[in-house]
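One-letter residues, chain by chain:
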Amino acid sequence: MSQQIKIKRGYDIKLKGKAEENLQEISLDKYAVKPTDFHGLFPKLSVRVGDKVKRGTLLFFDKHNEYVKIPSPVSGTVTEVLRGAKRKMLEIRIESDGTDEFIDYGKQEIGSLTSENVTQKLVESGLWSFIRQRPYTVVANPSDRPKAIFISGFDTAPLAANVDFVLNGKEKSFQAGLDVLSKLTDKVYIGINSKTTSPALKNAKGVEINIFDGPHPAGNVGIQIHHISPINKGEIVWTVQPQDVVAIGDLFLTGQYISDIIIALVGSEVESPQYYSVKRGSEIGGIVGGKVKTEYELRYISGNVLTGTKVKLNGYLGFYHNLISVIPEGNKYEFFGWLIPSPKKHSFYRTALSWLTPNKEYRLNTNLNGGERAFVVTGSLEKVFPMDILPIPLIKSIMINDIDQMEQLGIYEVDEEDIALCEYISTSKIEMQDILRNGLNMMRKEMS
Amino acid sequence: MKPIRNILDKIKPQVQKGAKFHAFHSLFDAAETFFFVPDAVTTKGSHIRDGVDMKRTMFTVVIAMVPALLFGIWNIGQMHFKSQGIDFELMDAFLYGFIKILPLILVSYGVGLGIEIAFAQSRGHEVNEGFFVSGMLIPLIIPVTTPLWMLAVAVAFAVVFGKEVFGGTGMNIVNPALLVRAILFFAYPSAMSGDKVWIAEKADAFSGATPLAELTAGHSAGLSPIEMMIGAYPGSIGETSTIAIAIGAIILLFTGVASWKIMTSFFVGGLSMALILNFFAGSFPDNTYLALPAWEHLLIGGFAFGGVFMITDPVTAAQTEKGKWIYGFFGGLIAILVRVLNPAYPEGVMLAILFMNIFSPTIDYYVIDANIKKRMKRAKLLLNNN
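On to the pattern of salt bridges. The final tally for this structure, using the stated rule, is 36 salt bridges over all chains. Its salt-bridge partner being Arg134(A), residue Glu417(A) comes within 3.5 Å of it at the nearest N-O pair. Here Glu417(A), found in helix H10 (residues 416-425), pairs with Arg134(A), found in strand S10 (residues 132-134); they are 283 residues apart in sequence, far enough to count as distant. A salt bridge links Glu321(B) to Lys324(B), with the nearest nitrogen and oxygen atoms 2.9 Å apart. Within this pair, Glu321(B) and its partner Lys324(B) are both found in helix H15 (residues 321-341), separated by three residues, close to a single helical turn. Overlapping salt bridges, with partners in common, bring together Arg134(A), Asp415(A), Glu416(A), Glu417(A), Asp418(A) and Arg437(A) in one network.

Here we take up the packing of aromatic side chains. Evaluated as defined, the whole model comprises 42 aromatic pairs over all chains. Their ring planes at 70 degrees and their centres at 5.0 Å tell us that Trp355(A) and Phe254(B) sit as a pair that is edge-to-face. Residue Trp355(A) is located in the loop between strand S21 (334-335) and helix H8 (391-399), and its partner Phe254(B) is located in helix H11 (residues 242-255); the two belong to separate chains. Between Phe266(B) and Phe267(B), the aromatic rings sit 5.9 Å apart at their centres with planes inclined by 85 degrees, giving edge-to-face as the arrangement. Classification of Phe266(B) as buried rests on a relative accessible area of 0%. Put simply, the rings of Tyr333(A), Phe335(A), Phe336(A), Trp338(A), Phe34(B), Phe35(B), Phe36(B), Phe59(B) and Phe132(B) pair up and form one aromatic cluster. Here the basic side chain of Arg5(B) rests over the ring of Tyr333(A), its NZ or CZ set 3.6 Å away from the ring centre.

Residues and elements named next belong to chain A. Across the sheet, which stays open at both edges, the six strands sit in the order S2-S17-S16-S20-S18-S19 with mixed pairing between neighbours. The sheet terminates laterally at strand S2 (20-25) and strand S19 (309-311), the two strands that pair on one side only. The sheet shows a mean angle of 30 degrees between the axes of neighbouring strands, direction not considered. Of the pairings in the sheet, the one linking strand S18 (residues 298-302) to S19 comprises three bridges and is antiparallel in character. Counted as the bridge partner of tyrosine 300 is valine 311 from S19.

One frequently used descriptor of interface size is the decrease in accessible area upon assembly of the parts. With 56 residues of chain B at the interface, the matching set in chain A holds 73 residues. Here chain B packs against chain A, burying approximately 5,900 Å² in sum over the two surfaces, 57% of which is carbon and sulfur. If you sort the residues of chain B by the area they bury against chain A, His47(B), Ile48(B) and Arg49(B) come out on top, with a joint share of 14%. Taken together, the links from chain B to chain A amount to seven salt bridges. Counting the contacts that link chain B with chain A gives 40 residue pairs in polar contact (both at pLDDT 80 or more). Every element with two or more residues in the side of chain B that touches chain A is listed here: helix H1 (2-11), helix H2 (25-35), strand S1 (36-37), helix H3 (54-84), H11, H15 and helix H16 (349-385) of chain B. No other element matches H16(B), which puts eight residues into the side of chain B that touches chain A. Looking at the side of chain B that touches chain A residue by residue, the classes come out as 25 nonpolar, 14 polar and 17 charged. Looking at chain direction, S21(A) and S1(B) are connected through two bridges and run antiparallel. Along S1(B), the bridge assignment pairs Phe335(A) with Phe36(B).

It is worth spelling out empty space enclosed by the protein at this point. Residues and elements named next belong to chain B. All told, the structure shown has six cavities of 30 Å³ or more when counted by the stated rule. The calculated volume of the largest cavity comes to roughly 310 Å³. Elements with a contribution of two residues or more to the lining of the largest cavity: H3, helix H5 (130-140) and helix H14 (303-310). In terms of residue class, the lining of the largest cavity is built from 15 nonpolar, seven polar and two charged. The two domains that each donate at least three residues to the lining of the largest cavity are domain 1 (55-257) and domain 2 (259-386).

All names here are of chain B. Where H3 meets helix H4 (residues 90-123), the axes come as close as 7 Å, and the angle between the chain directions of the two elements is 110 degrees. Taken together, the axis directions place H3 and H4 in an arrangement best described as roughly perpendicular. Note on packing geometry: the crossing formed by H3 with H4 is right-handed. On H4, the residues that touch Leu69, Leu70, Ile73, Trp74, Ile76, Gly77, Gln78, His80 and Phe81 of H3 are Leu90, Asp92, Ala93, Phe94, Tyr96, Gly97, Phe98, Lys100, Ile101 and Ile105. Its residues assigned to classes, the contact of H3 with H4 comprises 13 nonpolar, four polar and two charged.

This brings us to the sheet that holds S10(A). What links the strands of a sheet is backbone hydrogen bonding, and the strands pair in either a parallel or an antiparallel sense. Residues and elements named next belong to chain A. The seven strands are arranged S1-S14-S13-S12-S15-S10-S11 in an open sheet whose pairing can be described as mixed. The sheet is open, and its two edges are formed by strand S1 (4-6) and strand S11 (138-139), each paired on a single side. Pairing geometry for strand S13 (residues 188-192) and strand S14 (residues 208-213), over four bridges, is parallel. In the sheet register, isoleucine 192 faces S14, and the bridge partner there is isoleucine 211.

Attention now goes to the side chain of Lys34(A). Residue and element names in this part refer to chain A. With respect to the helices, strands and loops of the structure, lysine 34 is situated in the loop between strand S3 (30-33) and strand S4 (43-45). Despite its burial, lysine 34 pairs with no opposite charge, the nearest such side chain being aspartate 37 at 4.2 Å. Those residues within four positions of lysine 34 in sequence are excluded, and the remaining contacts are Phe60, Leu90, Glu91, Val311, Tyr316, Leu317 and Gly318.

With that out of the way, let us pick up the domain arrangement of chain B. All names here are of chain B. On domain assignment, one finds that chain B holds domain 1 (55-257) and domain 2 (259-386). Measuring from the centre of the C-alpha atoms in domain 1 to the corresponding centre in domain 2 gives 23 Å. Counting from both sides, the interface comprises 39 residues of domain 1 and, opposite them, 31 residues of domain 2. Summed over both sides, the interface between domain 1 and domain 2 buries roughly 3,100 Å², with carbon and sulfur atoms accounting for 79% of that surface. Ranking the residues of domain 1 by area buried against domain 2 places Leu178, Leu212 and Leu215 at the top, with a combined share of 19%. Here domain 1 is connected to domain 2 by five residue pairs in polar contact (both at pLDDT 80 or more). Counting residues per element, the ones that place at least two in the side of domain 1 that touches domain 2 are H3, H5, helix H7 (176-187), helix H9 (211-216), helix H10 (225-230) and H11. A class-by-class count of the residues in the side of domain 1 that touches domain 2 yields 28 nonpolar, nine polar and two charged.

One finds Leu122(A), Trp128(A), Ile131(A), Leu181(A) and Ile190(A) to be the most contacted residues of the largest nonpolar core, which totals 148 residues. Inspection of this core shows a minimum of three residues originating in each of domain 1 (263-356) and domain 2 (380-447) of chain A. Discounting chain neighbours no more than four positions away, the residues touching Trp128(A) are Tyr67(A), Thr119(A), Leu122(A), Val123(A), Val139(A), Ala140(A), Asn141(A), Pro142(A), Leu184(A) and Trp238(A). Within the second largest apolar cluster, 99 residues are counted, among which are Val155(B), Val174(B), Ile237(B) and Leu299(B).

What counts and how
- Residues numbered from 1 in each chain as written.
- Chains lettered and ligands numbered in written order.
- Predicted model: local features only at pLDDT ≥ 70, side-chain atom pairs only at ≥ 80, totals over all residues.
- Heavy atoms only, no water.
- Salt bridge = Lys/Arg side-chain N within 4 Å of Asp/Glu carboxyl O.
- Helix = DSSP H or I, 4+ residues; strand = E, 2+ residues; numbered from the N terminus.
- Phe/Tyr/Trp six-rings, centres within 6.5 Å; stacked < 30°, edge-to-face > 60°.
- Buried < 20%, exposed > 50% of the residue type's maximum accessible area, 1.4 Å probe, protein only.
- Lys NZ or Arg CZ within 6 Å of the ring centre and 35° of its normal.
- Pairing = 2+ DSSP bridges.
- Axes fitted to C-alpha atoms, helices over the stretch in contact; angles between N-to-C directions.
- Contact = heavy atoms within 4.5 Å.
- Buried area = accessible area lost by both parts, 1.4 Å probe.
- Polar contact = N/O pair within 3.5 Å; in protein donor to acceptor, adjacent residues only side chain to side chain.
- Nonpolar A, V, L, I, M, F, W, Y, C, P; charged D, E, K, R; others polar.
- 1 Å grid on protein atoms, 1.4 Å probe; cavity = no way out; pocket = protein on both sides within 12 Å on 5 of 7 lines; lining within 4 Å.
- Points joined across faces, edges and corners; volume = space filled by probe spheres on them.
- Domains from an automatic or database assignment.
- Parallel < 35°, antiparallel > 145°, perpendicular 65-115°, else oblique.
- Left-handed = near helix turned anticlockwise from the far one by under 90°.
- Lys, Arg positive; Asp, Glu negative; His and termini not counted.
- Core = buried A, V, L, I, M, F, W, Y, C linked by side-chain atoms within 4.5 Å.

Below, the structure is given as structure tokens:
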């Protein structure tokens, strides 16, 4: 039973630098995996600096949840374990040796497998880490049986990679991945929109396909869950990203961790934005080198401009990211910037001029455009937050650490990416994603 | 812009923590951010941010007040010359009005911002822009003859006890500008009512009563509806011209700064109460006020000004969308109720809005609770099905 759902509330921020649908392969020497990509993970190394690893060798695991294991994307040598303040583990760096040796986990016919077989193989290979749970957006616990698994088949975030394009030619692996995931739950849902062309998505078998149309965040899996099967207290759903479904499928079809991923390099400062085929964990500099404008100081973001992680040129692509955004830094004073109605500024509000040019693509920088204030303006966050949840009361309940209130106001359903637009349009410049993450961490600790 | 930046850059090290003039840090910060949007960049969360900040939002409200302010300036002048029986040109009236209102504006901003900056300094916050709006609202809702010291006392009291003790802009329970008006009204009633206060340097022979005072006294307002709309009659400085206020309303609604829900429901509430009172006019022929056509209520006194600029203050209003309907409706309803049925107060808008300010958290509580109950019901339904 497929539903067609129109998401009315939301907002598309149109930015310069959308990727052209060309694909180029890049192979690099430097890779890394980052424990910081996983919420609430306490990393423990399985390898040492100098060790030889193959593609698929497990590099580290979560001390508290040993089913979270992270595999190496390439064969090579562990060159460095980068640590930050308080010896926090930031990156495990690997230099490729070009031999592409891999660990063979063995091909398997999916149809005959039980959910235990599937779980065991995924955990053993580390690919389990692609499956995350709501609430909290952390790696799923294999001993749970979720009420459903959700996959969003389109991405509405600014300059997001086109899922149709990245799945092109991977129909077989994608369907295999879906077959695997179907073993783990009673129901797998795919959300597509009416422009979706990919046969992998549209003709997917053994799943329920729902159609969502509307502005960002309609493509967020959390919004789709909310409209199909909202998460109540005590319930768990799992989510997987489309290219990660492909990797899971490949594991069963080939017996290997195929770490290739198609990413988009986008943003106003990229000379010719397009798609690249790389391995997961690639070094940012290796991908963007020579492809960006150099007249300004730049910010490199693994992920999209609303939710991504700031990275340096010698940083690495995030585990769950298929996008690198490059925008100018905004570390400049602007004379009467709040007063002068500049056509370069973009705003959700009609107090600026950008509503006059709704189709213009903007080149936005990282300036905060103001100082942090208490909540003053009301009634606008709801317009970009298409859930039956009151955003300001929820954020306020987190600010005062009121666990009961957070639960009552629906924190289980929300992830940072779902309120990223609220944060963008906040005239009080309140760091809502950070506040929400604190609330989720607090909640998770309380519930465990 | 470069010279200003240079001066600011020169002063900046002097006001940092530990430096000699650290006590002026908040003052400097307010000045710096007035001239320049800071070079601060995003460090967490979204990497890009909306181009509109609190300053621009608040500034839009000030812009919306300009028509009422300009009309008020002219009205002060023309009422003065008219009462004296002196012929005057347009510019004479403007000039006279400007000279009369400027000290009020300066005192309002000077005292209020001074206190805000001092509190920001002691708390280590940035100076909030809330008083940007309040400071301009205050002169518009008082009689032109208000002594400056009274205004200073009331502003100081309202900002400290109405706002800063709660934590500053965004945390206050009642509208600071209205609180100033209320303090003046109750502390210095003789300077706030009667027929002498509304016209600057009025000739004694000239009647300076407001239409509301006439109506309360059982007379007719003495104005045609067109005259009520234009607003060339005695009253608080910015409240008389419904047309000027309507221009402000259009600006606020178009930019979305004020909630159309609150504004609409306030006028609907006022109109409903006036219609109810009209219904009883036949039963109580002594009270001629009851018989005033309902829609004329919206044109006189502070109703329009209150409905456009006061009740729509997002901090003191209900903050939930459903709550806004209830909040505005009862605000308008009570305003007309007090205005007509309480002989002690010729106007009820100020008290009605202050009253609803206090009730808005309660309204929100029930709206939020309904949302919570809905979620709990969904969870329970699920439990029963399994």
